[in-house]
Structure formats: structure tokens, C-alpha cells
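Results of the structural survey
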Amino acid sequence: MSTSDSWGRFPRVEQQARALVWRSDALPRVDGPVLPHGLGRSYGDSCLNGGGTVLLTAGLDRLIDFDPATGVVRCESGVSLDTLLRLAVPRGWFLPVTPGTKFVTVGGAIANDVHGKNHHRAGTFGRHVRRFELVRSDGSRRMCSPEENADWFGATIGGLGLTGLVTWAEVQLTPIRNPFVVQETVPFENLDGFMRVSAESEADHDFTMSWVDCLARGRKLGRGLFYRGNFAPTQFDRLPLARSHLSHGSGLAVPVDLPGFCLNRLSVSAFNFLYYHRERTKPSPRLVHYDPFFYPLDSVYGWNRIYGRRGFLQFQCVVPHATARDALKELLERSARGGLPSFLSVLKTFGDLPSPGWMSFPRPGYTLALDFANRGEKTWRLVEELDRVTREAGGAVYPAKDARMSPESFAAYFPQRERFSAYIDPAFSSSFWRRVNPASLPLPSLEGRQVSIP
Amino acid sequence: MKKVIVLGATSAIAQATVRLLAARGAALYLVGRNAANLEAVARDATTRGAPKVEFRALDLNDCEAHASLVERAWQALGELDGAVLAHGVLGDQAESQRSWAATELVLRTNFLSAASLLTELANRFEAQKAGTLVVISSVAGDRGRQSNYVYGASKGALTVFLQGLRNRLAKSGVAVVTVKPGFVDTPMTAHVPKNKLFASPEQVARGLLKAADGRKNEVYVPGFWALIMLIIRSIPEPVFKRLKL
């Protein structure tokens, strides 16, 4: 057993780890439940298995096939999106959907049915998965696609790694003719401003998202910057796609955990103020390489360490259009009041394209992501309040970014969970799953294994 | 190296090397024991840009098969200008001390089979007066230690064999590159607790190819092992035999 944490560094659990190497091998036999674990970029406990074993998929990182004519790529589930970009971009293809970090695996993208800045156009990652192989602890192997074993396909997309091990998957990439994005930045004064800019931007822009100044109050509540963009057209023959995978990151790294006093109301205010005023004075529209456009935080290696040893809690919810205005106001007001303000607050509109995944998080409405330095009881109470507001608004909270949601909330957010439960592999479980389904605990003794925060 | 045979191609270091070679556009002939795993490595190499990848499943301890193996590889790729020998076993020192069979298996895999393959490859490379032989030995071959002297002896013998081969082939323009990794984080060392001395297979592969490109003689990867092994080799035997290394 060794102590492990996730990207949010909270909670910490004691768990075993076993490395997977070959996709044709049988699953290792171990005592207790197992859970596939890729690059560990989930924030809360959905990628942890306290008291059990995680199956490390980093060794399942081989490419199987790529057709540059059709943009269909087949690869093992431990292949990172970064690897796919290095393969695809020089040949004129891009990920159909990408989250804000490229350091996630294809298996993780399926298990969490990730979304990106183009949800209104492309839906979730799961929509672009053509098929995959699912290995169960009983030794069975299933080919899953929308046509073949469609129920297993629907259960596994967004299924949090609980239905078995995805050994390989086939994904349809999307064509690009330029690795640069034409980006426009539009400041907005408040929430209504955001909704207006969002509505008028969606028709003409593939990629949209907003940064929100979560310290602005009163009439400026919800002010921020709206980013929208499209891949640039073919006009840069002198910048061949072949060289475009070069990282444009700054190469900064956070070498150590920053001490707690670096993050306080004053420093976060200063950061938010400077960011807002610096960004809005940059020229717009401008050309931005895809790397800083999609992955601004990847260039600061280990950025999660700015929160210190106690880590942080992410909170991402979606609220439906009907209740969005009041709910977002309340969420922003509460988060500004209730302790340390969120460093990075992101607003985005989700479209109505359905995912094939039964347990997929995105649904029509607005999604808000906030992060909070972990200050113990106070922070947890705040996040539980936000959870309650979301539930009352008829929304949902994203399991990949959650460490606190209640079992009641989970049940309300994921109405298909009972249908889904029948497809969980009996040998698979996670700290998250046991937390939100206390009744289904296979090993009651596991609950005590969570390591307390020093 | 443009047409390369990789022996032990499913080992972690070999896989990382195959990826780098594939990205450079090298044609590859991969040899390993498990056909399904070899095919996975071969498809990965093809997808990453290798123009031609062939593979053959074979237990390399079967030295009788080496001549025909090299002949087939030669035919498959037209000719060869590079070879990477990466197969090997760590063995279990305690088991080797109890059993000659276990000791023999380590010596056969790490030394005898390599010597047999190198004999075939060296004669062909010598005849064509070109080629690069890259062989993975180990820092463990630099000095025998009680904790793993059977493995160390197999790699030490390999290192000396390569020294002689290099001496012989120098006049033919054939490079013989001995790569001595330290601890590497691979399935071979999965049971060993990791520390800062451990390198990744990718790190070792980059060092290996850099040495091959530079036609180096003996290299330690990562380089700091040169210093560590200098110290370990310098300890006088009367002192050394009392140490618990």
C-alpha cells in the first residue's frame, strides 16, 4: 500500500498499484477491487481506489493504426491526447474534442466522457469514439460500438472506469488546415453580458469559453472575458503542419508545494484584476497556436502545487437554461463570500448534442467551473452549499472534478445510475463510487482507509 | 541506422528505441518471444512512421536458429546496417545460488545467445564493411557483487566480448557500441522499490541512439553512472569483499 492522491491532491488514500503492459494479457488477479488509472488528472476521488488496487494503464501506450485519409486513429487506452496530437496535427488532423489538458489518456477521456470548448458544436468525446474493446474480470472481451454491444458502449462512455478495462479504442479525428487558431477576446460586464455574447458567438465559432472574475460583485457580478475562436484557414504555407507539434509552452514548472500564505484574498484579487486588465488590452482577433489556446495550464508543469500540500477542491456544475440565471448568480455570490475566492473560474455554454454515454455529465445549459484551496471544514461546507444550489436548479455536478458531492445529489444528477449499475464489473470499484453509493459498498472496511489531511 | 534488426523487441528499452527509430523512418525487423506482443510493437512502429516493419516470434535462447534468423532479416529488409541487442533477463540471485539451471539460464540468455547472434551479425557487417552493432550490457557487469553476481557475470562477459569484437571490427568500419544502463524503471524491475537513480526506458533509448549516432564505444546511460562505477571499481578488493553491495 502506498499513499496516493489525484490532481486536486485531495483526498489522499492508501491503495496498491499494478502496471498493465500488454493489451492481450488477462487482467491481474488481486484481492479487493481494482480500478483503471491513466494519468490521474481527475481532481477528486473518481480515479482513486482506497484500500484496493489501481491498474496503471501508462504501459498500454501503443498506437495501432492511423489512416491519414480518413482521420481514424486506433490506439491503446493508455495513449495520451498529447501523443495523438503529435501524430495527427502534422498530418492535418486534430482531436474532435479536447479537455483543457492534453495529459489525459484516451481511456480516461472515455471514462469521463470529457468535453471541450466546442461542446455546442461537437458534443462530448464519446460521440467521436467509433469502437473499443472492453475486458472484464471474468476474462470476456467485447467489441463495443454504437451497433455492436451498444449497451456496453453506452454504459462505458462516462462510466468512470467501472465497467471493465478498455484496452484499445478507435476515434474519429477532425480535419484542420492550420495549427493556429484565430482568437477573439470580448469583455463582458456581468452574467447577462456573458449570456448575450455566448448566444451571438455560437453560430460562427467552433470554440468558446469564458474566464470569470469571481471577485466582482453587485452589478458586475459575473464580469469576465469571452474567448472565441476557429482554426485558421489555409494560408500559412511557410509554417508547415509538420513542425506544428512543437510545444509552445513556457517550460515553467512549480518545483515545490507553495506555502499556504502565498494564496490569500489579496493575492487572488491582484491576480484576477491584473489578468482581466492585461487580457482585455491584447489585440483581438489574433492568431494563437493551438497549444496555448487549448492547453494554457499545461505549460506550467505541476500547477496543482500552487495550492500547497492540502490541495484544492474543484467544483464544476451544469445548470439548465431555465434556471441558469438565478443559479449562476447564487453560485458566484456564494463562492465570492464563502472563503478564499476561486483562482480560475470558467463559464461555458453546453449545446444539446446528446452523448451515447448513459452517465455522461454534459447536458444543455451553462457550465461553471471553480476551484478552491482546501481549507478544511470551511471549504467543504462551501462546496456542499454549491452542490445544493446546483441540485435545486435541476443541474448536475461533474464526477471527474468532485470530491464532496452527496449520495442524494449523485442520484439526482444521474438518473440512469441504476441501469448503469448492472454493467459495473463486480471486481471494479472506486473511492468515488463507494462514496456516492454507500449502500453498494462491497467492502465496508474500506471507508476507514481515507488518509486525513495533516 | 536505416535498416535495423531489434532483438528482444518487446523489452521496455527496445520498445522505446523502436519508437525513436520509427519516427526517423528506419525499416525494422523485430524479434521477441510473444507474437501478439510483437505485433503490438510492430503496429505502433508502423503508425509512428516506420516505412517497413517485419517481425518474427522466436525464443532467442535457441542459438541453432540464429543463422537462419539473421538470413531472413537480411532478406526481409534487403540488407541490414544496424542491430540492437536488447534481450535479457535479470534472474534471481538467490535462486541462481541454489540452482545451476537458474544460473545457466541467465548466462545463456544474457551472454551465450548474444555471443551467437553477434557472431552472425559481425561476420556480415564485416563483409559489407559497414554497420552499427548496439548492445545493451549493464553497469552490473563492471564489478561482481554478492547481490547479483550471476547477472553481473553474464553482462561482464558480454562487455568483454564486445571489447574484443570492437577491436576486431575497427578496421572494417563497423561500430560496436556497448550501452551500460543503470537502474531502469521497466517490468523487469517492477518488484524493486524505485529511487532517484532509476531512469525511464525513454531516457535510456535516447542515450542509446545518441551513442549509436556518435559511433561511441562504451557509454553509461544516464551518464552519472560513469562516476558511480568509477568509484565502485576503485574500491580495493580487500575492502570490497567486506561490503554489503
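Reading the values: the criteria
- Residues numbered from 1 in each chain as written.
- Chains lettered and ligands numbered in written order.
- Predicted model: local features only at pLDDT ≥ 70, side-chain atom pairs only at ≥ 80, totals over all residues.
- Heavy atoms only, no water.
- Helix = DSSP H or I, 4+ residues; strand = E, 2+ residues; numbered from the N terminus.
- Buried < 20%, exposed > 50% of the residue type's maximum accessible area, 1.4 Å probe, protein only.
- Contact = heavy atoms within 4.5 Å.
- Areas by Shrake-Rupley, 256 points an atom, 1.4 Å probe, with all protein chains shown as cover.
- Phe/Tyr/Trp six-rings, centres within 6.5 Å; stacked < 30°, edge-to-face > 60°.
- Lys NZ or Arg CZ within 6 Å of the ring centre and 35° of its normal.
- Expected span 1.5 Å × (residues − 1).
- Arc of directions from axis to C-beta.
- 1 Å grid on protein atoms, 1.4 Å probe; cavity = no way out; pocket = protein on both sides within 12 Å on 5 of 7 lines; lining within 4 Å.
- Points joined across faces, edges and corners; volume = space filled by probe spheres on them.
- Nonpolar A, V, L, I, M, F, W, Y, C, P; charged D, E, K, R; others polar.
- Buried area = accessible area lost by both parts, 1.4 Å probe.
- Salt bridge = Lys/Arg side-chain N within 4 Å of Asp/Glu carboxyl O.
- Polar contact = N/O pair within 3.5 Å; in protein donor to acceptor, adjacent residues only side chain to side chain.
- Pairing = 2+ DSSP bridges.
- Axes fitted to C-alpha atoms, helices over the stretch in contact; angles between N-to-C directions.
- Right-handed = clockwise from strand over helix to strand, strands pointing away.

Here's the deal with the overall build of chain A
In terms of regular secondary structure, chain A is built from 12 helices and 22 strands. Taken across its 454 residues, chain A has 57% of its residues classed as buried. Within chain A, contacts between residues separated by at least 24 positions form 75% of all contacts whose residues are at least 6 apart in sequence. With an accessible surface of roughly 18200 Å², chain A has 53% of that area assigned to carbon and sulfur atoms.

Points about the packing of aromatic side chains
Residue and element names in this part refer to chain A. For the coordinates displayed, the defined rule picks out 26 aromatic pairs over all chains. On the numbers, 6.1 Å between centres and 40° between planes, the contact of Phe194 with Phe226 is tilted. Of this pair, Phe194 sits in helix α5 (residues 191-201) while Phe226 is found in strand β14 (residues 224-231), placing the two residues 32 residues apart along the sequence. The same class applies to Phe194 and to Phe226, which are both buried. Here the aromatic rings of Phe410 and Phe414 are separated by 5.2 Å at their centres, their planes lie at 35°, and the arrangement is tilted. In textbook terms, an aromatic cluster arises when at least three aromatic residues are bridged by ring pairs, as seen for Phe94, Phe207, Phe231, Tyr290, Phe293, Phe294 and Tyr295. Stacked on the ring of Phe293, the Lys or Arg Lys117 has its end atom at 5.8 Å from the ring centre. Lying over the aromatic face of Trp358, Arg419 brings its terminal NZ or CZ to 3.7 Å of the ring centre.

A word on helix α3 (residues 66-77) of chain B
Residues and elements named next belong to chain B. With 12 residues, α3 should cover 16 Å at 1.5 Å per step; its first-to-last C-alpha distance of 17 Å lies within 8% of that length. Along α3, the positions that sit buried rather than exposed are His66, Leu69, Val70, Ala73, Trp74, Ala76 and Leu77. Along α3, the residues classed as buried sweep out an arc of 165° about the axis, all on the same side. Each element contacted by the buried residues of α3 is listed here: β1 (3-7), β2 (27-32), β3 (53-57) and α5 (100-128). After α3 finishes, the residue Gly78 shows a positive phi value of roughly 90°.

Re empty space enclosed by the protein
All names here are of chain A. Taken as a whole and assessed by the stated rule, the structure comprises 4 cavities of 30 Å³ or more. Of the pockets and cavities examined, the second largest cavity occupies roughly 40 Å³. Ala111, Asn112, Gly158, Leu160, Met359, Phe361, Tyr398, Pro399 and Ala400 together form the lining of the second largest cavity. Here the residues of the lining of the second largest cavity sort into 7 nonpolar, 2 polar and no charged.

Quick look at the interface of chain A and chain B
Listed by partner, the interface residues are 14 residues for chain A and 12 residues for chain B. Among the residues of chain A in contact with chain B, Trp22(A), Arg62(A) and Leu63(A) are the three that bury the most area, contributing 46% of the side total. For the interface between chain A and chain B, the tally reads 1 salt bridge. The salt bridge partner of Asp61(A) is Arg19(B), with a shortest N-O separation of 3.0 Å. Put simply, chain A and chain B have 6 residue pairs in polar contact (both at pLDDT 80 or more) between them.

Let's talk about the pattern of salt bridges
Residues and elements named next belong to chain A. Under the criterion given, the structure shown has 35 salt bridges over all chains. The residue Arg62 makes a salt bridge to Glu76 at a minimum N-O spacing of 2.9 Å. One end of the pair, Arg62, is in the loop between β4 (53-56) and β5 (63-67); the other, Glu76, is in strand β6 (residues 72-76), with 14 residues separating them in the sequence. The pair Arg62 / Glu76 is uniform in exposure class, with both members buried. Notably, a salt bridge pairs Glu170 with Arg74, separated by 3.1 Å at the nearest N-O pair. One end of the pair, Glu170, is in strand β10 (residues 165-172); the other, Arg74, is in strand β6, with 96 residues separating them in the sequence. A relative accessible area of 6% places Glu170 in the buried class. Connected through salt bridges with shared partners, the residues Asp65, Arg74, Arg130, Arg131 and Glu170 form a single ionic network.

Quick word on the sheet that holds strand β21 (residues 396-397) of chain A
Residue and element names in this part refer to chain A. Taking strand neighbours across the sheet as the criterion, the 8 strands line up as β16-β12-β14-β13-β19-β20-β18-β21 in an open arrangement whose pairing is antiparallel. Looking at strand neighbours, the two that pair on one side only are β16 (286-289) and β21, the edges of this open sheet. Along the sheet, helix α8 (residues 321-337) makes contact with β13 (207-212), β18 (312-319), β19 (345-350) and β20 (365-373), crossing β20 at roughly 15°. Sheet strands touched by helix α9 (residues 377-392): β18, β20 and β21. Its angle to β18, the strand with the most contacts, is close to 10°.

Regarding the pairing of strand β7 (residues 218-221) of chain B
All names here are of chain B. Here strand β6 (residues 175-181) runs beside β7; their pairing, made up of 4 bridges, is parallel. Across the sheet, the residue bridging to Pro181 is Val221, located in β7. Taken together, β6, helix α7 (residues 201-213) and β7 form a β-α-β motif whose crossover is left-handed.

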